[in-house]
Amino acid sequence: MSVTKRMAGHGAGELHGSGEFRKRKYDRREDKDVNVNLSSSVMTAFHSFQHDLDARHDKYERLVKLGRDITIESKRVIFLLHRIVSTPHKEDLLAESESKLNAVRHKIKQVAQELMGEDMYQYHRAFTPGLQEYVEAVTFQHFVITQSLISIEDINKQLVFAAKEEELNSNVPSEPPEKSTSESLERPVCKSIQNRLPSSLDKLPSELSDTQQPPSVWSLKVTPVDYLLGVADLTGELMRLCIGSVGNGDIDTPFELSQFLREIHDGFSYIGNAGPYEISRKLYTLKQSLAKVENACYTLKVRGSEIPKHMLADVFSTKAEMTALEDYVS
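Just so it is clear, the model here is predicted, and its values are computed rather than measured.

### Re the environment of H57
Examined against the element boundaries, H57 turns out to sit in helix 2 (residues 41-81). As for H57 and Y123, which are separated by 66 residues in sequence, their C-alpha atoms are 10.0 Å apart.

### Brief notes about helix 9 (residues 224-247)
The first and last C-alpha atoms of helix 9 sit 35 Å apart over 24 residues, in line with the 34 Å expected at 1.5 Å per residue. Backbone geometry just downstream of helix 9 places G249 in the positive-phi region, at approximately 90°.

### Regarding a nonpolar patch on the surface
Judged by side-chain polarity, V42, F46 and F49 come together as a nonpolar surface patch covering roughly 330 Å² of accessible area. Tracing the chain through its elements places F46 in helix 2. On the accessibility criterion, F46 (53% relative accessible area) is exposed.

### As for the pattern of salt bridges
This structure, assessed with the given rule, holds 11 salt bridges. When the shortest N-O distance is used, the salt bridge between R240 and E237 registers 3.2 Å. With R240 and E237 both in helix 9 and three residues apart, the pair spans about one turn of that helix. Using a relative accessible area of 11% as the deciding quantity, one classes E237 as buried. Linked by salt bridges that have partners in common, R56, K59 and E118 make up one network.

### Some thoughts on the packing of helix 2 against helix 4 (residues 120-146)
Relative to each other, helix 2 and helix 4 sit at 15°, their axes nearing to 8 Å. Overall, the two elements helix 2 and helix 4 adopt an arrangement that is roughly parallel. Two packed elements cross with a definite hand, and for helix 2 against helix 4 that hand is left-handed. Class assignment for the residues of the contact of helix 2 with helix 4 results in 14 nonpolar, six polar and six charged.

### Some thoughts on the packing of helix 2 against helix 3 (residues 90-114)
At their nearest, the axes of helix 2 and helix 3 sit 10 Å apart, and the two run at 170° to each other. Taken together, the axes of helix 2 and helix 3 lie roughly antiparallel to each other. Contacts between helix 2 and helix 3 involve K59, R62, L63, L66, D69, I70, E73, S74, V77, L80 and L81 from the first element and L93, L94, E96, S97, K100, L101, V104, K107, I108, Q110, V111 and E114 from the second. For the contact of helix 2 with helix 3, the per-class residue count stands at 12 nonpolar, three polar and eight charged.

### Some details on the layout of surface pockets
Its boundaries defined by the atoms lining it, the second largest pocket holds a volume of some 310 Å³. In terms of lining, the second largest pocket is formed by 14 residues, of which the most central are I84, V85, K90, D250 and T253. Elements supplying a minimum of two residues to the lining of the second largest pocket: helix 4, helix 9 and helix 10 (253-271). Sorting elements by how many residues they give to the lining of the second largest pocket places helix 10 first, with three residues. When grouped by side-chain class, the residues that make up the lining of the second largest pocket number six nonpolar, five polar and three charged.

Reading guide: rules and limits
- Residues numbered from 1 in each chain as written.
- Predicted model: local features only at pLDDT ≥ 70, side-chain atom pairs only at ≥ 80, totals over all residues.
- Heavy atoms only, no water.
- Helix = DSSP H or I, 4+ residues; strand = E, 2+ residues; numbered from the N terminus.
- Expected span 1.5 Å × (residues − 1).
- Patch = residues over 30% accessible without salt bridge, like charges linked within 9 Å, V, L, I, M, F, W, Y side chains within 5 Å.
- Areas by Shrake-Rupley, 256 points an atom, 1.4 Å probe, with all protein chains shown as cover.
- Salt bridge = Lys/Arg side-chain N within 4 Å of Asp/Glu carboxyl O.
- Buried < 20%, exposed > 50% of the residue type's maximum accessible area, 1.4 Å probe, protein only.
- Axes fitted to C-alpha atoms, helices over the stretch in contact; angles between N-to-C directions.
- Parallel < 35°, antiparallel > 145°, perpendicular 65-115°, else oblique.
- Left-handed = near helix turned anticlockwise from the far one by under 90°.
- Nonpolar A, V, L, I, M, F, W, Y, C, P; charged D, E, K, R; others polar.
- Contact = heavy atoms within 4.5 Å.
- 1 Å grid on protein atoms, 1.4 Å probe; cavity = no way out; pocket = protein on both sides within 12 Å on 5 of 7 lines; lining within 4 Å.
- Points joined across faces, edges and corners; volume = space filled by probe spheres on them.

Below, the structure is given as C-alpha cells:
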C-alpha cells in the first residue's frame with residue numbers, strides 16, 4: 001500500500017509540476033506580448049504590409065465580382081442573338097444587343113478604373129473569364145452582321161474610355177450612353193451598327209483635342225490568350241446557330257458556317273502545342289462543333305429532300321448525341 005501511495009503521489013507531483021511549467025511558459029508569452037513596442041519601426045512596417053495586403057485582397061474580390069457580372073451580361077447578349085433565326089424583327093434585336101454590349105463595356109470600364117496604376121497581370125485571373133465571354137459575345141454579334149471574324153485590335157479600340165470632368169469631380173463612374181430611337185428608325189440597324197462603332201472610335205481623338213487633353217483615359221486590353229479562348233467558345237455558339245437555322249428551314253446557313261468553322265480550325269491548328277494549356281483543351285471542343293456542323297451539311301446534301309424540314313433539327317440533334325457518345329467511348 002505504501003508503495004502504491006508513493007507512486008500515486010509521485011505521479012500527481014509530475015502532473016502538478018508540468019502544469020506549473022505550462023503556466024510559467026504561458027506567463028512568459030504574456031510578458032513578451034505586453035512588452036512589445038507597437039511604435040517600433042518593425043511593427044510599423046508590418047502594419048503597412050497588412051494594409052497593403054488587405055487592400056489588394058479587397059480589390060481582387062471587387063474584380064472577381066465585376067468579372068462575374070461581365071460574364072452574366074455577355075451570356076445574355078449571346079442568348080439574345082440566338083433568337084435572330086426565329087424572329088422577323090432582326091434589326092430591333094441587333095439594336096438591343098448593341099445596347100446590352102454597351103452596358104457590358106461600362107462594367108469593363110470599372111475594371112479598368114480598378115486597375116489604374118496596377119499591373120494588370122497580377123489581377124488578370126480574377127476577370128479573365130468575363131473577358132473571354134465578352135469576346136465571345138462581340139465576335140458572335142459581328143459574325144451575325146458581317147459573316148466575318150472581328151480582330152483583336154478592333155475589340156481593344158472599343159475598350160478605350162475617356163473620363164469626363166464631372167466624373168472625376170464626383171468620383172462616380174458614368175453610365176453607358178443610351179441609343180436614341182430616332183437614329184435606329186432612320187436607317188437599317190445592321191448598317192448603323194457597322195458604321196456607328198468605327199465612327200465613335202474615330203470621334204474619340206477629336207473630342208480629346210477639343211477639350212485640350214482630357215483629365216484621364218482608361219483602357220483595358222484583351223490579351224491574345226483571352227481573344228483565342230473567346231473565339232474557341234464562339235465555335236460552340238455557331239454550331240447551335242447552325243442547328244437552330246436548320247430547324248427554321250434555312251438550309252444555306254449551315255454550309256456558310258461550315259466553311260467559316262474550317263477556317264477557324266485551320267488557324268488554331270497552326271498554334272498546335274505551342275499555345276497555353278487552355279487553348280489545347282478547347283481545341284477538342286472546337287473539333288466537336290465542326291464535326292456536328294459537317295454532319296448537318298452532309299445530311300442536308302444527301303438526304304435533305306427526304307427529311308421534312310420540321311424534322312431536320314431532331315435528326316441533327318440525334319446525330320450529335322451519337323457522335324459525342326462515340327468520341328466518349330473511343
